[in-house]
Amino acid sequence: MEVTTAWYLILGGVLFSIGSFGLLVRRNPLVMFMCVELMLNAVNLTFVAFGRDLGDIGGQAAVFFVLVVAATEVVIGLAIVVAVMRRQPDATADDISMLSG
Amino acid sequence: MEVVVFIACAVICVTGAIGVVVANNPVHSALMLVATLFGVAVLFLTMDAQFLAAVQIIVYAGAIVVLFLFVIMLFGVYRSENLRVEPIAGQRPLSIAVAVSTLALAVIIVAVATGGSPTGQQAATEPLVDSVTVHSTSATEALTDNQPIGEEIFPNVEQLGRVIFTDYVWAFEITAVLLTIAVVGAIALARRQRGEEESAAPVSPAAAPAPAAAASAASAPIGSAAASATHTEEA
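Within each chain, residues carry numbers counting from 1 in the order of the written sequence. As a convention, the first chain written is A and the first ligand written is 1, with the rest following in written order. Only residues with pLDDT of 70 or above have their local features reported here, since the model is predicted, and side-chain atom pairs are shown and tallied only from 80 upward, although totals for entire chains, interfaces and linings are computed over all residues. Excluding hydrogens and water, the side-chain figures rest on all heavy atoms present in the structure.

Looking only at helices and strands, chain B features 10 helices and zero strands. Along chain B, helices and strands appear, N-terminal first, in the series α-α-α-α-α-α-α-α-α-α. Relative accessibility thresholds used throughout: buried, under 20% of the residue-type maximum; exposed, over 50%; partly exposed, between the two (1.4 Å probe, protein chains only). In chain B, buried positions account for 31% of the 235 residues. The criterion used for residue contact is that any of the two residues' heavy atoms lie within 4.5 Å. Partitioning the contacts of chain B with sequence separation of at least 6, the portion at a separation of at least 24 is 45%. Put simply, chain B shows about 13,600 Å² of open surface, and 70% of that area lies on carbon and sulfur atoms. Helix numbering and strand numbering both begin at the N terminus, where a helix is a DSSP run of H or I of at least 4 residues and a strand a DSSP run of E of at least 2. Accessible areas in this description were obtained via Shrake-Rupley with a 1.4 Å probe; residue shielding takes into account the shown protein chains only.

Turning to the nonpolar core, a few remarks are in order. Residues Leu45(A), Phe6(B), Leu33(B), Leu43(B), Phe44(B) and Phe68(B) are the most contacted members of the largest nonpolar core, which totals 57 residues. Of all the secondary-structure elements, those providing two or more residues to this core are α1 (5–25), α2 (29–54) and α3 (58–87) of chain A together with α1 (2–22), α2 (26–46) and α3 (50–76) of chain B. Residues in contact with Phe68(B), not counting those within four places in the same chain, are Leu30(A), Phe33(A), Met34(A), Glu37(A), Val74(A), Leu78(A) and Leu33(B). The next biggest cluster of nonpolar side chains, apart from the first, holds seven residues, and it includes Phe64(A), Phe65(A), Leu160(B) and Val163(B). Definition of nonpolar core: a set of buried residues of the types Ala, Val, Leu, Ile, Met, Phe, Trp, Tyr and Cys, connected through side-chain atoms within 4.5 Å.

Think of each axis as a best-fit line through the C-alpha atoms, taken over the contacting stretch in the case of a helix, with angles from 0 to 180 degrees between the N-to-C directions. Taken N-terminus to C-terminus, the directions of α2(A) and α1(B) make an angle of 160 degrees; their axes are 9 Å apart at the nearest point. Comparing the axis directions of α2(A) and α1(B) gives the class roughly antiparallel. As for the relative orientation of α2(A) and α1(B), their crossing is left-handed in sense. Listed contacts from α1(B) to Val31(A), Met34(A), Cys35(A), Leu38(A) and Arg52(A) of α2(A) are Glu2(B), Ala17(B), Val20(B) and Val21(B). Across the contact of α2(A) with α1(B), the residue classes tally to seven nonpolar, no polar and two charged. Here the angle decides the label: under 35 degrees means roughly parallel, over 145 means roughly antiparallel, 65 to 115 means roughly perpendicular, and every other value means oblique. Left-handed is the label given to a crossing in which the near helix is rotated counterclockwise from the far helix by less than a right angle, and right-handed is the label when the rotation is clockwise. Note that Gly is not counted as nonpolar here; it falls among the polar residues with everything else outside the nonpolar set of Ala, Val, Leu, Ile, Met, Phe, Trp, Tyr, Cys and Pro and the charged set of Asp, Glu, Lys and Arg.

What follows is about the confidence of the model for chain B. As a per-residue measure, pLDDT reflects the predictor's confidence and takes values from 0 up to 100. Mean pLDDT over chain B: 74, with 63% of residues reaching 70 or higher. Below a pLDDT of 50 lies the segment residues 198–235 of chain B, which in the model reaches 15 contacts outside its immediate sequence neighbourhood of four places, other chains included.

The subject of this paragraph is helix α6 (residues 156–166) of chain B. Buried residues of α6(B): Asn156(B), Gln159(B), Leu160(B), Val163(B) and Ile164(B), and no others. Angular distribution of buried residues about the axis of α6(B) spans 125 degrees; they occupy a single face of the element. Our arc is simply the arc of the directions from the helix axis toward the C-beta atoms.

With that settled, consider the interface of chain B and chain A. On the side of chain A, 68 residues touch chain B, which itself brings 86 residues to the contact. Put simply, buried area is the surface a 1.4 Å probe can reach on two separate parts but cannot reach once they are joined, added for both. Summing the contributions of chain B and of chain A, the shared interface buries around 7,300 Å²; its carbon and sulfur component is 75%. Salt bridges are counted wherever a side-chain nitrogen of Lys or Arg sits within 4 Å of a carboxyl oxygen of Asp or Glu. The interface formed by chain B and chain A holds one salt bridge in total. For Glu2(B), the salt bridge identified is with Arg52(A), shortest N-O distance 4.0 Å. For this analysis, a polar contact is any N or O atom pair within 3.5 Å, provided that within protein one partner can donate a hydrogen and the other can accept it, and provided that sequence-adjacent residues contribute only side-chain to side-chain pairs. Summed over the shared surface of chain B and chain A, the result is eight residue pairs in polar contact (both at pLDDT 80 or more). Of all the secondary structure elements, the ones that give two or more residues to the side of chain B that touches chain A are α1, α2, α3, α4 (91–113), α5 (131–141), α6 and α7 (169–190) of chain B. In the side of chain B that touches chain A, the residues fall into 57 nonpolar, 20 polar and nine charged.

The next point concerns the environment of Leu15(A). Along the chain, Leu15(A) falls in helix α1. Spatially, the C-alpha atoms of Leu15(A) and Asn41(A) are 8.0 Å apart, while their sequence positions differ by 26 residues. With near-sequence residues (within four places) excluded, Leu15(A) lies in contact with Ala42(A), Leu45(A), Cys13(B), Val14(B), Ala17(B), Thr36(B) and Val40(B).

Quick look at the structure:
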């Protein structure tokens, strides 16, 4: 028995669907961000798996950039969450609508 | 051996992912996320992506999760979401349907791409390159432009660095700009204005400005505690 690329891809699919489920269900914006991180990790897994499969280091380079974008997204998102929660400490995802002024 | 490592990591990843979704307390969610990230990092190692495994630990578990924990500790550590109630009628079944159909789509695509067998057993020999040849091809492909091709196989970090600083150098520079913008934006969003700071620190419900009045009276002590915490942190 050998671990093929398909195993990694299916694991990535499972992680992605769990993340999307959490993103749809949870209302705490912090947990929603964590679910987005889960989905990004699932995609990273598939990138590396395909990169190994095709013998192309570009898959890993793509993961590198995804990591940077994920970090940026978390920083900006958490700054917005902090700004909202400072006004209303028990804010849920619905209260992000106060951004509209 | 590889199968054992894969299955162990897959179990850790999926358990952690489910834990992120179902945990009441956001701190528990963050810790479960760490478990998933470690599992993914070990899977990167099994796929010969040593640099990404290290970066995964350092950036994700070391920086991003800590950032999450900072925000949780600042604001949300006392409240835990009540997961029994369903905020929108029919949200959960629809979400389950979306997640299951996403998973089904992924499995179908994988099954089609690997030639009909979902485990990829028979197809792995033909269209998929096995891992022994991957080393040599990726090492030589990274060198085809202007470097003399040696017989040695370059390690992962060197290959990745070569690609990032030649083929993807523009993306790399734009990444730097993106990070700078993110830092500036985060400071601009999260920093407290000078006038706002003075009015918020000695908070009294009568003197509170209009937006603060929207917050409920029960949450006012928590808010002022957080405000004073950030105030002392800035000082």
